[in-house]
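So you can see what is in the structure, the chains are spelled out below.
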Amino acid sequence: MTDTPLDLIRNFSIIAHIDHGKSTLADRLIQACGALSEREMTNQVLDNMELERERGITIKAQTVRLAYPAKDGKTYTLNLMDTPGHVDFAYEVSRSLAACEGSLLVVDASQGVEAQTLANVYQAIDANHEIVPILNKIDLPAAEPERVKAQIEEVIGIDASDAVEISAKTGLNIEGVLEALVTRLPAPKGDANAPLKALLVDSWYDAYLGVVILVRVKEGRLKRHAKIRMMSTGSTYNVDQVGVFAPAMRPVDDLGPGEMGYITGAIKTVADCNVGDTITEDRHPAAEALAGFKPSIPVVWCGLYPIDADDFEKLRDSLAKLRLNDASFHYEAETSAALGFGFRCGFLGLLHLEIIQERLSREFNLDLIATAPSVVYRIYRTSGAMEELHNPADMPDGSVIERIEEPWITATIMVPDDYLGAVLTLCNERRGQQQDLTYVGNRAMAVYRLPLNEVVFDFYDRLKSVSRGYASFDYQMDKYEESDLVRISILVNLEPVDALSFIAHRSAAESRGRAICAKLKELIPRQLFKIAIQAAIGSRVIARETIGALSKDVTAKCYGGDISRKRKLLEKQKEGKKRMRQFGKVEIPQSAFLAALKMDA
Amino acid sequence: MLPLALYIHWPFCLAKCPYCDFNSHVRDTLPQARFAAALRAELAFEAERLGRRRLGSIFFGGGTPSLMAPATVAALIDDARTLFDPADDLEITLEANPTSIEAGRFAEFRAAGVGRVSIGIQSLDDDALRLLGRQHSAAQAIAALELARGLFPRLSFDLIYARPGQTLPAWRAELDRALGLAADHLSLYQLTIEPGTRFEALHRQGAIVLPDPDDAAALYVETATTAARHGLLGYEVSNYARPGSESRHNLAYWRYGDYAGIGPGAHGRLSLDGALLATRRHRAPELWAERVERCGHGSTAETPIAPAERAREMLLMGLRLGEGIAATAFERRTGLPLDAALDPSMVAACIEEDYLRWSDDPARGRVLSATGEGRLRLEALLAAIAV
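Residues numbered from 1 in each chain as written. Chains lettered and ligands numbered in written order. Predicted model: local features only at pLDDT ≥ 70, side-chain atom pairs only at ≥ 80, totals over all residues. Heavy atoms only, no water.

A. Fine view of the overall build of chain B. Summing up its helical and strand segments, chain B has 16 helices and 15 strands in all. Across the 387 residues of chain B, 56% fall into the buried class. At a minimum sequence separation of 6, the contacts of chain B that also span at least 24 residues come to 70%. With an accessible surface of roughly 14,900 Å², chain B has 53% of that area assigned to carbon and sulfur atoms. (Helix = DSSP H or I, 4+ residues; strand = E, 2+ residues; numbered from the N terminus. Buried < 20%, exposed > 50% of the residue type's maximum accessible area, 1.4 Å probe, protein only. Contact = heavy atoms within 4.5 Å. Areas by Shrake-Rupley, 256 points an atom, 1.4 Å probe, with all protein chains shown as cover.)

Okay, here's the thing in structure tokens:
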């Protein structure tokens, strides 16, 4: 089965916006090729992580190998590569696309192209993909195939006249999709006798098999029991098993050029498997690696703290377990005076952060609090040294800083005309620089350069609210630029609360400082003494609030029968103070800071 | 040692008030004889182990002790006078409700030896009395007061304020009328929602709304000012008296002296064989009586109180008093120096904030007391300063 002639293989991915029907189409293709019986089909076979299923997004790449007897009488091997569908995983997406020769572009015929689709389709074009437009949900009364075709041509610049019109939900014209794959997509190329070159597309940890690597063989053969070498690190492993996903794992003897499949071996963690790496044979190595390898670098950092301090060890174990399966997220222990012991964690983006946080709470049952996300700043010291700053609390004194650079992104926002004004205002408030503004029918597409720092600060929520949920948003990392950034410290009774300090552009410092002071005033219960809350840049106070002393707290009746109870109550109160943080004369419950951070998120 | 205080608990009421979480019970017929015998047995039991101590006060509390047969009250007083060494100024107080049945017995209680009554008036407003679930009208209350004033040398009554919707001027007017009724002592309690009461359920549903802390504080300050204008000084958080008319029995609690508690659910603090013992009686009236009949007393757990616990108890009681806590008395009673029981930096902060003060008393030595502002925030203050 692995001697499939190259001209009978088609490798493809599916590009779609969330809810435009990617997973449903994948299910229909699997069904049509008889890979699974009706009974075996759980909805959306590919998204097997609970979280993926709930959010309709794919986090890990997966493949399915299908056998399709085409109208030309030949049976083709179709490898469907399901790619992560979010900008946080843009690099992972690019590697998945590099494993295929073509893409199906699925667009909801009633909704049209969304921003997220665009970024991925551009990536597919960059990967020299042949792109077949698919108009889904054609059965809906609101479907406007002609308008959407025009939009695809206008916005993306590809010919949509041969777009395949389908309904993945009802199964309408799935045959048309399969025929288009066979007739319109190019077959892969590759020399079976050349030294092995296989692209490492993704990897994950399986409790029984250990690390499973998803590969696409470009040249040569990947054989069982071969000794392979990772070209980026030089580390070598013996291959235990070679196989394909049909969609269940099925061992084979080897994988030839053009094939997709998996390997397992004595590989301890996925951290040893860098997405985009080239796998070669140790004894007959390829002369050069496949192009495009990049190590993954976290761009968003935040502190994660257990709400119950006793959960610290559990959190450490859970992070280690998650990292087993996701080498793209990083963590290191850190201590906060306000929040206790926790971890500084780095993520590929905000969604990635959210996913990890949610998995920690859902799969590991941890109650966590996250500090406000921070991007990675570059601090150039007057000494000439550059350092990357992940945690605002670590920012050095202004006197030793020559300049600070922050990362910028290029954001694409698509929004119905009615909400465009509000969206542009939001972008301008966030220091955005307009690059492009075009209209397609009544939908506008705005391209903005924005500081990532402004995006991690509740940008999604604001965008959703000003556009009533109609705006779609996507971004790509751009470059670092110098900026007038300041660290805002929050002080309670003149003592800084490390977990609440943040970095912002000088123009936004005062209003954000005021907002957080006002929020803390609401959240911190009145105490025996009044409490001063301040926001400061260095020693300069930019906002302040005062919480008055509590006005009355005394039991009306206390006689001989009440003493024991009152004493125990007092002892309990003393005990509870151990969970509090002393600021001058007052002790503030950690819960107040937790609530402040929660409101931020 | 301070003279012994004797508390006698009568657990029965005509009806359970919706705000009250005391150990009180309603029965169709009161087991007068059985409870009289059991109370006398417990009194004998305590006298047996305590010896003939100097007795400073007797307090009949409840429940509603004015529902007791006057003969029982008389028997208990006679027993106590015989079993202990009564002080010359032995104070004997009985709590009473101002219903006509009870007022009808006032003369008999006086004859039994009661010298002070504390009447549960609660309000001089009929609507408020209905809300509070009381079984009497304002007019009945005033009539009972008039009657008591003619019979007893000393007279106190209770009012509940900071009631739902009560304005400051309305309370001032009510308090002025109350102060005009010429009692020498008043207990003025802000309404508190206690767990397990009907008011708690209503409060949870939002049917009862208490004044916010700022308004409650204003009502409290107004209360002290108005009482002082009539010559009644706030000597404890909720108690106001003409100088010399303070409740000596209750002072024994706040000064953290020895007290014996008999009857269902009664608590005691007793110095015995060098230890300070916390005593407690069975709460359920019939179970308690059974137990007394079987064992001679209805005591459950009796636990010695460690010095650090004594220190906290004496602090939390003593700082309720305007007179505060004398350092030497504190050390004598708890075994710990007063300074050792306190967080010095928090005490300094409280002094700076004018919540606490140190003073020198010619008779008592160094005294720590809470100011008016401090007493208003006593629970938070205690949590801050207690070690």
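B. Main features of the packing of helix α13 (residues 563-576) of chain A against helix α16 (residues 378-385) of chain B. Axis separation between α13 of chain A and α16 of chain B bottoms out at 9 Å; the angle between their running directions is 60 degrees. Overall, the two elements α13 of chain A and α16 of chain B adopt an arrangement that is oblique. In this structure, α13 of chain A crosses over α16 of chain B, and the sense of that crossing is right-handed. Contact residues: α13 of chain A offers Lys 566, Leu 570, Gln 573 and Lys 574 of chain A, while α16 of chain B offers Glu 379, Leu 382, Ala 383 and Ala 384 of chain B. The residue makeup of the contact of α13 of chain A with α16 of chain B, split by class, is 4 nonpolar, 1 polar and 3 charged. (Axes fitted to C-alpha atoms, helices over the stretch in contact; angles between N-to-C directions. Parallel < 35°, antiparallel > 145°, perpendicular 65-115°, else oblique. Left-handed = near helix turned anticlockwise from the far one by under 90°. Nonpolar A, V, L, I, M, F, W, Y, C, P; charged D, E, K, R; others polar.)

C. Representation of the interface of chain A and chain B in the model. Contact residues are listed per partner, giving 27 residues for chain A and 44 residues for chain B. Ionic pairing is found between Glu 313 of chain B and Arg 567 of chain A, a salt bridge with its closest N-O pair at 3.0 Å. Considered class by class, the residues forming the side of chain A that touches chain B number 10 nonpolar, 7 polar and 10 charged. (Salt bridge = Lys/Arg side-chain N within 4 Å of Asp/Glu carboxyl O.)

D. Representation of the sheet that holds strand β15 (residues 365-370) of chain B. Residues and elements named next belong to chain B. The strand order across the open sheet formed by 3 strands is β13-β15-β14, and the pairing between neighbours is antiparallel. Whereas interior strands pair on both sides, the edge strands pair on one side only; in this sheet they are β13 (325-326) and β14 (356-361). Relative to β15, β13 runs antiparallel, the two sharing 2 bridges. In the sheet register, Ile 325 faces β15, and the bridge partner there is Leu 368. (Pairing = 2+ DSSP bridges.)

E. The arrangement of the pattern of salt bridges in detail. A full pass over the atoms with the stated rule returns 59 salt bridges over all chains. Between Arg 154 of chain B and Glu 91 of chain B there is a salt bridge, with its nearest N and O atoms 3.0 Å apart. Of this pair, Arg 154 of chain B sits in strand β5 (residues 154-161) while Glu 91 of chain B is found in strand β3 (residues 85-96), placing the two residues 63 residues apart along the sequence. The class of Glu 91 of chain B is buried, set by a relative accessible area of 3%. Connected through shared salt-bridge partners, Arg 567 and Glu 571 of chain A together with Arg 269, Glu 309, Arg 312 and Glu 313 of chain B make up one network.

F. Fine view of the pairing of strand β31 (residues 540-547) of chain A. Bridging between strand β30 (residues 531-537) of chain A and β31 of chain A involves 7 bridges; their strand directions are antiparallel. Bridged to Ala 535 of chain A within β31 of chain A is Ala 543 of chain A.

G. Quick peek at the UniProt feature "binding site: GTP" (unreviewed entry) in chain A. Residue and element names in this part refer to chain A. Here the UniProt-annotated "binding site: GTP" (unreviewed entry) positions come out as Asp 19, His 20, Gly 21, Lys 22, Ser 23, Thr 24, Asn 136, Lys 137, Ile 138 and Asp 139. You can see Asn 136 is positioned in strand β5 (residues 130-136). Among the residues examined, Asn 136 registers a relative accessible area of 3% and is labelled buried. Setting aside residues no more than four positions away along its own chain, Asn 136 makes contact with His 20, Gly 21, Val 106, Val 107, Asp 108, Ala 109, Ile 166, Ser 167 and Ala 168. Inspection of the secondary structure assignment puts Lys 137 in the loop between β5 and α5 (145-156). Classification of Lys 137 as partly exposed rests on a relative accessible area of 24%. In contact with Lys 137, not counting residues within four places along its chain, are Asp 19, His 20, Asp 108, Ala 109, Ala 143, Ile 166 and Ser 167. At 3.3 Å, the side chain of Lys 137 forms a polar contact with the side chain of Asp 108. (UniProt positions renumbered as here; feature names shortened; annotations may be inferred. Polar contact = N/O pair within 3.5 Å; in protein donor to acceptor, adjacent residues only side chain to side chain.)

H. Local environment of the nonpolar core. Counting 156 residues, the largest nonpolar core has Ile 488 and Phe 593 of chain A together with Phe 60, Phe 157 and Leu 319 of chain B as its most contacted members. In terms of residues, this core owes the most to one element, α16 of chain B, which gives 7 residues. Those residues in contact with Phe 157 of chain B that sit more than four places away from it in its chain are Ile 119, Ile 121, Leu 145, Ala 178, Leu 181, Ala 183, His 185, Leu 186 and Ser 187 of chain B. With 52 residues, the next largest nonpolar core counts Cys 302, Phe 312, Phe 329 and Leu 485 of chain A among its residues. (Core = buried A, V, L, I, M, F, W, Y, C linked by side-chain atoms within 4.5 Å.)

I. Here's a closer look at the sheet that holds strand β6 (residues 164-165) of chain A. Residues and elements named next belong to chain A. The strand order β2-β3-β1-β4-β5-β6 describes an open sheet built from 6 strands, whose pairing is mixed. Bordering the open sheet on either side are β2 (62-69) and β6, each of which pairs with just one other strand. In terms of strand pairing, β5 meets β6 through 2 bridges, oriented parallel. What sits directly across from Ile 134, in β6, is Val 164.

J. Inspection of the pairing of strand β21 (residues 377-381) of chain A at higher detail. Residue and element names in this part refer to chain A. In this sheet, strand β22 (residues 386-389) lies alongside β21 in antiparallel orientation, the contact comprising 4 bridges. Looking across to β22, one finds that Tyr 377 is bridged to Leu 389. Hairpin connection between β21 and β22: a loop of 4 residues separates the two successive antiparallel strands, and Gly 384 in this loop has a positive phi of roughly 100 degrees.

K. Looking closely at the packing of aromatic side chains. Going through the model one piece at a time under the given rule, you end up with 23 aromatic pairs over all chains. Pairing Tyr 559 of chain A with Trp 254 of chain B gives two aromatic rings, centres 5.4 Å apart and planes at 40 degrees, and the pair type is tilted. In this pair, Tyr 559 of chain A is assigned in the loop between β31 and α13 and Trp 254 of chain B in helix α10 (residues 248-254), connecting two distinct chains. The same class applies to Tyr 559 of chain A as to Trp 254 of chain B, namely buried. Consider the rings of Trp 10 of chain B and Phe 12 of chain B, whose centres lie 5.5 Å apart with planes at 75 degrees: the pair is edge-to-face. Judged by its relative accessible area of 0%, Trp 10 of chain B is buried. By the ring-pair criterion, three or more aromatic residues cluster together here, those being Phe 312, Phe 329, Tyr 331, Phe 341, Phe 343 and Phe 347 of chain A. Its end group placed over the ring of Tyr 256 of chain B, Arg 333 of chain B keeps NZ or CZ at 5.2 Å from the ring centre. (Phe/Tyr/Trp six-rings, centres within 6.5 Å; stacked < 30°, edge-to-face > 60°. Lys NZ or Arg CZ within 6 Å of the ring centre and 35° of its normal.)

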